[in-house]
Amino acid sequence: MSGVLPGRTVAGQPATGSRSSSPFVDLDRASWARLGESIELPLTADELEQIRSFGDEVDLDEVRHVYLPLSRLLNLHVQESGRLYRAYRGFLGGQPARTPFVIGIAGSVSVGKSTTARLLRTLLARWPDHPRVELITTDGFLHPNAELEARGLMARKGFPESYDRRALLRFVTEVKGGKDEVRAPVYSHLVYDILADEWVTVRRPDILLLEGLNVLQPAQSSRDGRASSLAVSDFIDFSVYVDAATEDVRRWYIDRFLRLRETAFRDPASYFRRYADLDGPAASRRAEELWDEINGPNLRHNIAPTRGRATLVMSKGRDHAVTRVRLRKL
């Protein structure tokens, strides 16, 4: 895709000097949707119902207008990565087999990044060139609750320091290093903890989607003040940040909490079972507290600052629909 030329407009929007000199292409929904018009929708309503997260209102029109063009763009990147690999192999006179193309999906709690990741996994697997697509969420690399309790970090779950960053970095480097099998821990949102002795194994997929709050974090400084040499984001080939206004994400979080109070929270095994019997006003207050004390600060201080590092930013409106796409120029 080409950038915006000086004096041109994008879908009726006036061009400005700052836009033409920006390192990003900024497209409204209609312009972005046209980039996928030639692609047949490879997804049914029943399949979408299984893919989307609880409370996420994405429909088939959203898939057609937003996610099909994105899957086409990602397919182009994967194809070009393959051509570059073959050129490298010729230049070096032979080298190990091509390693997986890693796509990072980042964004706040309740913004819809999990649905985005699952949709992309399904759509990308239906392109003929790379049927083996796997998805790993970084939730599995959270420290177990017992460890978080011991470190006084339960109230900061989801913050960068609540993850086993060494294990996550080791996982990604082994995937990009071409290891035949790489294991990742499994996290349960029902019990709100790592499942002991349960693992998911990645076996050299064509594409690996890595979804999580902090996948675009730069290298972190160690306790002695020295910067780490590597971060997970260093091994991501293409990154997507799912964005929305903070007040909208806060509202979506509270709405989801209230609906979960009537469903998943009523499961006796649920970590949040104690919230199921709260009346409406008390449940709303508790959801607001959780956002204002944990999820809001994490978004403001840790997640949102990584938005500018993404290859592509999907911006959502109040109704969850994507309204604009910002793509980094090549």
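First, a word on scope: everything that follows refers to the structure included in this document.

What counts, and where the lines are drawn
Every chain's residues receive numbers from 1 upward, in the order its sequence appears when written. Predicted model: local features are reported for residues with pLDDT of at least 70 only, side-chain atom pairs are reported and counted for 80 or more only, and whole-chain, interface and lining totals are derived from all residues. Think of the side-chain values as coming from all heavy atoms in the structure, minus any hydrogens and water. A run of H or I in DSSP becomes a helix once it reaches four residues, and a run of E becomes a strand once it reaches two; helices and strands are each numbered from the N terminus. Only protein chains enter the calculation, and the probe is 1.4 Å; a residue is then buried if its accessible area is under 20% of its type maximum, exposed if over 50%, and partly exposed in between. Per-residue and other accessible areas were derived by the Shrake-Rupley procedure at a 1.4 Å probe size, with only the shown protein chains allowed to occlude residues. Charged residues are defined here as Lys and Arg on the positive side and Asp and Glu on the negative side; His and the ends of the chain fall outside this count. A single reference atom marks each charge: NZ on Lys, CZ on Arg, CG on Asp, CD on Glu. Whether two strands pair comes down to DSSP finding at least two bridges between them. Axis geometry follows a simple rule: fit a line to the C-alpha atoms, using only the stretch in contact for helices, then measure angles between N-to-C directions, giving values from 0 to 180 degrees. The rule for a salt bridge is simple: a side-chain nitrogen of Lys or Arg has to be within 4 Å of a carboxyl oxygen of Asp or Glu. Two aromatic rings, drawn from Phe, Tyr or Trp (for Trp, its six-membered ring), form a pair once their centres lie within 6.5 Å of each other, and the interplanar angle then sorts them: stacked below 30 degrees, edge-to-face above 60, tilted otherwise. Geometrically, a charge over a ring is one whose NZ (Lys) or CZ (Arg) sits within 6 Å of the ring centre while staying within 35 degrees of the ring normal. Pairs of residues are marked as contacts when any of their non-hydrogen atoms sit within 4.5 Å.

**Brief notes about the overall build of the protein chain**
And then number 1: Counting its regular elements, the protein chain contains nine helices and nine strands.
And then number 2: Its C-alpha atoms put the protein chain at 60 × 50 × 45 Å along the principal axes.
And then number 3: Classification of the 330 residues of the protein chain by burial places 47% in the buried group.
And then number 4: Carbon and sulfur atoms make up 50% of the accessible area of the protein chain, which totals about 16,600 Å².
And then number 5: Looking at the protein chain, you have 48 positive and 44 negative side-chain charges, and the mean spots of the two groups are 5 Å apart.

**Structural notes on the sheet that holds strand 8 (residues 312–316)**
And then number 1: Taken in spatial order, the seven strands line up as 1-9-8-7-2-6-3 in an open sheet, and their pairing is mixed. Of all strands in the sheet, those bounded by a partner on one side alone are strand 1 (24–28) and strand 3 (133–137). On average, each strand axis in the sheet is tilted by 20 degrees relative to the strand beside it, whichever way the strands run.
And then number 2: Sheet analysis places strand 1 next to strand 9 (residues 322–328), joined by five bridges and oriented antiparallel. When the sheet's bridge partners are listed, Phe-24 is paired in strand 9 with Arg-328.

**Description of the pattern of salt bridges**
And then number 1: The full count for this structure, using the stated rule, is 21 salt bridges.
And then number 2: Its salt-bridge partner being Arg-324, residue Asp-26 comes within 3.4 Å of it at the nearest N-O pair. With Asp-26 in strand 1 and Arg-324 in strand 9, the pair connects residues that are 298 residues apart, well separated along the chain.
And then number 3: Residue classification places Arg-324 among the partly exposed residues on the basis of a relative accessible area of 23%.
And then number 4: When the shortest N-O distance is used, the salt bridge between Arg-261 and Glu-262 registers 3.4 Å.

**What about the packing of aromatic side chains?**
And then number 1: Applying the stated criterion across every chain, the model contains 10 aromatic pairs.
And then number 2: Relative to Phe-265, the ring of Phe-257 has its centre 5.2 Å away and its plane inclined at 75 degrees; by these criteria the two rings are edge-to-face.
And then number 3: Note on Phe-257: relative accessible area 4%, which makes it buried.
And then number 4: Since its relative accessible area comes to 6%, Phe-265 is described here as buried.
And then number 5: Joined through ring pairs, the aromatic side chains of Tyr-192, Phe-257, Phe-265, Tyr-271, Phe-272 and Tyr-275 make up one cluster.
And then number 6: Its end group placed over the ring of Trp-199, Arg-183 keeps NZ or CZ at 4.0 Å from the ring centre.

**Considering the pairing of strand 9**
And then number 1: In the sheet, strand 8 pairs with strand 9 via five bridges, with the strands oriented antiparallel. Bridging across to strand 9, Val-313 finds its partner in Arg-326.
And then number 2: Taking the residues that link successive antiparallel strands as the turn, the strand 8-strand 9 hairpin has five residues, and the phi of His-320 there is positive, at about 80 degrees.

**Some thoughts on the environment of Leu-169**
And then number 1: With respect to the helices and strands, Leu-169 occurs in helix 7 (residues 165–176).
And then number 2: Taking C-alpha positions, Leu-169 is 11 Å from Ala-184, a pair spaced 15 residues apart along the chain.
And then number 3: Contacts of Leu-169, omitting those with residues within four sequence positions, involve Leu-230, Ala-231, Val-232 and Phe-235.

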